[in-house]
Amino acid sequence: MSQEPRGLEELLARFRYRPDEESGGLAQIPTQTVEPDQEPRADELQLLTFGLGAGEYAVALGTVTEILRARTLTEIPRARPPLLGVLNLRGTITPVYDPSLRLGIPSTVPPCAGPDCAPPPRPARILVVRTALGPAGVWVDRVRGVQRVRTGGLERPRGGPTGGVIGLLRTAEGSRTVVDPEWLLR
Amino acid sequence: MSPRRDRPPPEFASEAVETAEALGRNLLLLERTAADPEPEVLNSVFRQAHSLKGLAATFGQTRMAELAHAAEDLLDRFRLGKARLTTARLDLLLEAVELFQRLAEDPSAAVDEAQTLAARLSSTDEAPERMGEDPLERLELQPEVRRVLTEFEEHRLRETLRRGELVWAARVEYPLDTFDRELEQLKARLRGVGELVSTLPGPAADRLDVLSFVLLVGSGAGEPALRSVFAGAPVELRPVLVRKERPSGPEAEGPRSTLEGGEPGGAARTLRVDIARLDALMDDVGELRLIGETIRGLSDARDLSPRAWTVELLREQRRLVRRLDILQDRLLQARMVPLRPLFDRMQRLVRRMAREAGKELVLETSGAEVQIDKRLVEELSDPLVHLVRNAIDHGIEPAGLREGRGKPRGGRILLSAEQLGARVVLALSDDGGGVDWARVREVAIQRGLLDEERARAASDRELQAVLFSPGFSTASAVSAMSGRGVGLDVVKTNIAGLSGVIDVESRAGEGTTFRITLPITLATVRGLLVGVSGRVYAVPLSSVLDVLSHDGRHGVTEDGRHMVPVRGYNIPVASLAETFGLPRRSEGGLYLVVVGAAERRLGLVVDALHGQRDLVTQALGPRLGQVPGISGAAEVGHHHTVLVLDVGALLDEVLRGPPLLVAQA
């Protein structure tokens, strides 16, 4: 209808366009289905494990509804960390957060909103978490996979859970902190 | 019986709601002429109840049909001069109107209420009008029982209640040949224990040789004493319950009406469209098919030269775009509905809330014929209810106080709508006590929303922003506040979500006016895309008054405000980049986008203009809540989401100071 000035498309393309979004229809959005192949046993916990910075973390699989390939976000003016920006998740504006602050580690999230950001690193993902206040995203550097653990195999923090840390999982490769994803958003 | 199976088709809901609304409107009309009701109005009210009954029965909605029947019955008696039109009865009928609407949207919603109300409607037999309420109204008698009572029996029941005794209903069965003697003996035995008020035929007995009766007995004795009097005869004995609440209190119990923010039901999601409009849409589609055919023909046309082919294709493309424009316009037109139903609902609400608050007031409306997008009407309901409630609870003073202030006893609320181009301005004014700005200032300091210095310096108008800020409108603020502030932040967020702007103007002692400026349609918001430091934002075109090129120069007022002369006036300007704290990345030209709401103007300095777009806006969602300066987001292309500016908030911020809250994590 209205004649589109060339400038806009170019401008938009410069800071938002990403080749891997081109084919990003509905089917492509979850880059990984997180459906368990078996019903979990009562004393079992299914964890989605991910890496951030030098650390390894996990959240309960059930809390994550979707895993998105990290994409350039729309910047919210005057937003404060840990809010990174928003993305449009099939019509629902979804805020995305940087969990580093909460985890007390230096942030490894590159600028990902606004005109100055580079395309996000390929392994970066956004975990979409369902919360009472609607969906929210957690930016992680990489997703490792799904891990089943015995509830007993989880080391609980001494004196009950502190903050959002649910427990510690020790494996041959090292230890992994299991956190409450909602806590990461605060 | 599952409620799902009950669910009537949406056409039923929308028609029922419309009929109920018309009925409500006429009832209010009746009230104004209660002393001498116009036969014509009475007749049409009666007919509306009648057609509602028919409609409900057709769709198997028994509850609604029964209720409509009871209403129709009562109206018939008004019509035939058999019953007097009283405020209490109008209350009942208006209550029925509310129930009709709820039942239309969810047939399983208020089944008990519908029954009770139908009973109460049916029970408003001509009884001596007394001061105050009729105790009989509180008696839970079945309507069919209530209907057959004689005036004397009613009188005896009233006396029973007045003595503080109970009315008992007993079902008894006596042999056919001795029943008269048995009844006489029972009466005798009752003496001293209670009084047999009425003997009514009971439900058919199992055996042919017995007769069944329902006896209404007034008694102050307990159940054991009564049982012994009946000597094992009653099949059933139960007290007739007396409701505690006043029957005229329409919101006595149960879920509140849909006005208080119920689930949007079937009717809200459906829309009745003039068949002529649909025909026109069909024509458009036919035309589009034709264009499609032509284009298909072109793909086969091998004899055309490439040049001629391109020309043909371009011509068809232009035809296509033109027709799509028309189609869009027509679709938008089809979504438009008048504000009248919304205004009517507010009328009923005001009537009820005024009664509850014990205040005398009238709601006057103007501009009910103004048409806006159907979805806007729905979304406007909650904020308007909020504002009306505020006006009644906190705005309008009690009659005594008003007299002391030299105002008429009765308060006046004016709800008006006016279309100005692509905008609709809704105004809600009351002539109440106005906002106590001094108190607002105090609370703002207490709650740490403003530091003392800034609060003292703030003008009344500057304090408006405080009134709408989330930190202000908490429960404790409300109780501490004699003025307003109940959830105004929510109202503001709702309005901003509709790409609208809300504004308040208030003078202590004189009243308050809330002004809501909205685009007339929500399906799409026309937006001007502007570039700021490499970002793109959308400004709702309904708030854009002017766009000028700008040389970056401005004057500075004494208080540090930047001003630029625009068409003979000095208007304040602000750089959007600075306001949003963005790094400067000038891309050459500067533009001034003049935005405004009510009488306020502001020039926003931007780097680039990227044309206009029809935008489908989305709210930012509850997690982000109120983001200063941003009302929502819209997708302008594949994965390109731009934020839509909240012009009202920007006006507040630039003209009154930095925002009280910054986007929170």
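Source: prediction; values computed, not measured.

Rules and cut-offs
- Residues numbered from 1 in each chain as written.
- Chains lettered and ligands numbered in written order.
- Predicted model: local features only at pLDDT ≥ 70, side-chain atom pairs only at ≥ 80, totals over all residues.
- Helix = DSSP H or I, 4+ residues; strand = E, 2+ residues; numbered from the N terminus.
- Core = buried A, V, L, I, M, F, W, Y, C linked by C-beta atoms within 7 Å.
- Buried ≥ 20, exposed ≤ 12 C-beta atoms within 10 Å, placed from the backbone.
- Domains from an automatic or database assignment.
- Contact = placed C-beta atoms within 7 Å.
- Arc of directions from axis to C-beta.
- Pairing = 2+ DSSP bridges.
- pLDDT = per-residue confidence, 0-100.
- Axes fitted to C-alpha atoms, helices over the stretch in contact; angles between N-to-C directions.
- Parallel < 35°, antiparallel > 145°, perpendicular 65-115°, else oblique.
- Left-handed = near helix turned anticlockwise from the far one by under 90°.
- Nonpolar A, V, L, I, M, F, W, Y, C, P; charged D, E, K, R; others polar.
- Expected span 1.5 Å × (residues − 1).

Q: Can you walk me through the overall build of chain A in this structure?
A: Across its full length, chain A carries 3 helices and 11 strands. Helices and strands appear in chain A in the N-to-C order α-β-β-β-β-β-α-β-β-β-β-β-β-α.

Q: Is there a simple way to explain the nonpolar core in this structure?
A: One broad rule of soluble globular proteins: the nonpolar side chains tend to lie buried together. Among the nonpolar cores identified, the biggest contains 132 residues, and Trp139 of chain A together with Ala538 of chain B are the most heavily contacted of them. Take this core: its biggest share by element is 8 residues, from helix α15 (residues 374-395) of chain B. Mapped onto the domain boundaries, this core takes at least three residues apiece from domain 4 (338-519) and domain 5 (525-656) of chain B. Aside from chain neighbours lying at most four places away, what touches Ala538 of chain B is Gly527, Leu528, Leu529, Leu615, Ala634, Val642, Val644 and Leu645 of chain B. Phe12, Ala56, Ala104 and Leu117 of chain B belong to the second-largest nonpolar core, a separate cluster that totals 42 residues.

Q: What's the story with helix α17 (residues 437-446) of chain B in this structure? I'm lost.
A: One turn of an α-helix holds 3.6 residues; hence residues three or four places apart share an orientation. All names here are of chain B. Those residues of α17 that fall on the buried side of the exposure criterion are Trp437, Val440, Val443 and Ala444. Each buried residue of α17 lies within a common arc of 120° when the element is viewed along its axis, so the set occupies one face. With its phi angle positive at about 70°, Gly448 sits one or two positions after the end of α17.

Q: Whenever I open this one, unusual backbone geometry confuses me. Can you help?
A: Backbone phi values are negative for most residues with the exception of glycine, while trans is the configuration of most peptide bonds. Residues and elements named next belong to chain A. With an omega of 5°, the peptide bond running from Pro81 to Pro82 counts as cis. Topologically, Pro82 is positioned in the loop between β3 (64-69) and β4 (83-89). Residues other than glycine seldom take positive phi values, yet Arg78 does so here, at roughly 65°. Inspection of the secondary structure assignment puts Arg78 in the loop between β3 and β4.

Q: I tried to follow the sheet that holds strand β1 (residues 44-52) of chain A on my own but got confused; where do I start?
A: Sheet strands associate in pairs through backbone hydrogen bonding, adopting either a parallel or an antiparallel arrangement. Spatial ordering of the open sheet is given by β8-β1-β2-β11-β10-β9 (chain A), a layout of 6 strands whose pairing is mixed. Unpaired on one side and paired on the other, β8 (142-150) and β9 (154-155) of chain A mark the two borders of the sheet.

Q: Is there a simple way to think about the environment of Gln147 of chain A in this case?
A: Residue and element names in this part refer to chain A. The residue Gln147 is located in strand β8 in this model. Gln147 sits in the partly exposed class, given 15 other C-beta atoms within 10 Å. Separated by 86 residues in sequence, Gln147 and Leu61 place their C-alpha atoms 8.9 Å apart. Excluding residues that lie within four positions of it along the chain, Gln147 makes contacts with Leu47, Thr49 and Ala58.

Q: I tried to follow the pairing of strand β23 (residues 640-645) of chain B on my own but got confused; where do I start?
A: Remember that side chains alternate between the two faces of the sheet whenever the strand is regular. All names here are of chain B. Judged by how many residues are buried, β23 sits mostly within the fold: 6 of 6 residues are covered. For strand β13 (residues 535-540) and β23, the ladder comprises 2 bridges, and the chain directions are parallel. Across the sheet, Ala538 pairs through a bridge with Val644, a residue of β23.

Q: I keep staring at the confidence of the model for chain B and nothing clicks. Help me out?
A: Where the model shows low pLDDT, its predicted coordinates should not be examined in detail. Residues and elements named next belong to chain B. Confidence in the prediction of chain B, expressed as mean pLDDT, is 78, and 84% of residues score 70 or more. Mean pLDDT in chain B bottoms out at helix α20 (residues 475-480), which sits at 38, and peaks at β13, which reaches 92. Taken as a whole, residues 1-5 scores under 50 in pLDDT and shows 3 contacts with residues more than four places along the chain or in a different chain. Here residues 245-267 is modelled with pLDDT under 50, and outside its nearest four sequence neighbours on either side it reaches 40 contacts, counting other chains as well.

Q: Would you mind going over the sheet that holds β4 of chain A with me for this structure?
A: All names here are of chain A. A sheet is described by the order of its strands in space; here 5 strands give the open sequence β3-β6-β7-β5-β4, paired in mixed fashion. This sheet does not close on itself; its edge strands, each paired only once, are β3 and β4. Put simply, the sheet's adjacent strands are angled 30° from each other on average, direction ignored. As judged from the 2 bridges shared by strand β5 (residues 92-97) and strand β7 (residues 134-140), these two strands associate in the parallel manner. Note that in β7 the partner of Tyr97 across the bridge is Val138.

Q: How do you make sense of the pairing of strand β17 (residues 569-575) of chain B when you look at a structure like this?
A: All names here are of chain B. As paired elements, strand β16 (residues 562-566) and β17 share 4 bridges and run antiparallel to each other. Bridge pairing links Pro565 to Asn570 in β17. Counted between consecutive antiparallel strands, the loop separating β16 from β17 contains 2 residues, among which Arg567 sits at a positive phi close to 45°. Judged from the 3 bridges that link them, β17 and strand β19 (residues 600-606) form a sheet pairing that is parallel.

Q: Even after reading the chapter, I still don't get the environment of Pro540 of chain B, so can you show me in this structure?
A: Residue and element names in this part refer to chain B. Checked against the element boundaries, Pro540 lands in strand β13. Accessibility expressed as a C-beta count within 10 Å gives 28 for Pro540, which makes it buried. Separated by 21 residues in sequence, Pro540 and Pro519 place their C-alpha atoms 8.4 Å apart. Not counting the four nearest positions on each side in its chain, Pro540 is found in contact with Ser499, Pro519, Val525, Gly527, Val644 and Val647.

Q: I tried to follow the packing of helix α14 (residues 340-357) of chain B against α15 of chain B on my own but got confused; where do I start?
A: Between two packed helices, both the angle of their axes relative to each other and the distance between the axes serve to describe the pair. Residue and element names in this part refer to chain B. Contact pair α14 / α15: the axes reach a minimum separation of 10 Å and the direction vectors enclose 30°. Judged on the interaxial angle alone, α15 and α14 are roughly parallel. By crossing handedness, the relation of α14 to α15 is classed as right-handed. Facing α14, whose interface residues are Leu342, Met346, Leu349, Val350, Met353, Ala354 and Ala357, α15 presents Val377, Leu380, Ser381, Leu384, Val385, Val388, Arg389, Ile392 and Asp393. Of the residues assigned to the contact of α14 with α15, the class counts are 13 nonpolar, 1 polar and 2 charged.

Q: Where do I start with helix α6 (residues 111-122) of chain B in this structure?
A: All names here are of chain B. Taking 1.5 Å per residue, 12 residues should reach 16 Å; α6 reaches 17 Å between its end C-alpha atoms and fits that length. Counted residue by residue, α6 has 9 buried out of 12 residues, so it is predominantly covered. All of the buried residues along α6 are Glu113, Ala114, Thr116, Leu117, Ala118, Ala119, Arg120, Leu121 and Ser122. Where the residues of α6 are buried, they touch α4 (62-79), α5 (87-105) and α7 (143-148).

Q: Any chance you could explain the packing of helix α12 (residues 275-300) of chain B against helix α13 (residues 306-334) of chain B here in plain terms?
A: All names here are of chain B. One way to put it is that α12 packs onto α13 with a least axis distance of 10 Å and a crossing angle of 165°. Judged on the interaxial angle alone, α13 and α12 are roughly antiparallel. By crossing handedness, the relation of α12 to α13 is classed as left-handed. By residue class, the composition of the contact of α12 with α13 is 13 nonpolar, 2 polar and 8 charged.

Q: Explain the confidence of the model for chain A here, please?
A: Residue and element names in this part refer to chain A. Looking at chain A, the pLDDT average stands at 77 and 75% of residues meet or exceed 70. Counting interchain partners and residues more than four positions distant, the pLDDT-below-50 stretch residues 1-5 has 9 contacts. Confidence drops under pLDDT 50 across residues 11-37; counting only partners more than four residues distant or on other chains, this segment forms 39 contacts.

Q: Can you help me understand the environment of Ala20 of chain B in this one?
A: Residue and element names in this part refer to chain B. Here Ala20 is to be found in helix α2 (residues 10-32). On a C-alpha basis, the gap between Ala20 and Leu52 in space is 7.4 Å, while along the polypeptide they are 32 residues apart. Residues contacting Ala20, with those up to four places away along its chain left out, are Leu52, Val97, Phe100, Gln101 and Ala104.

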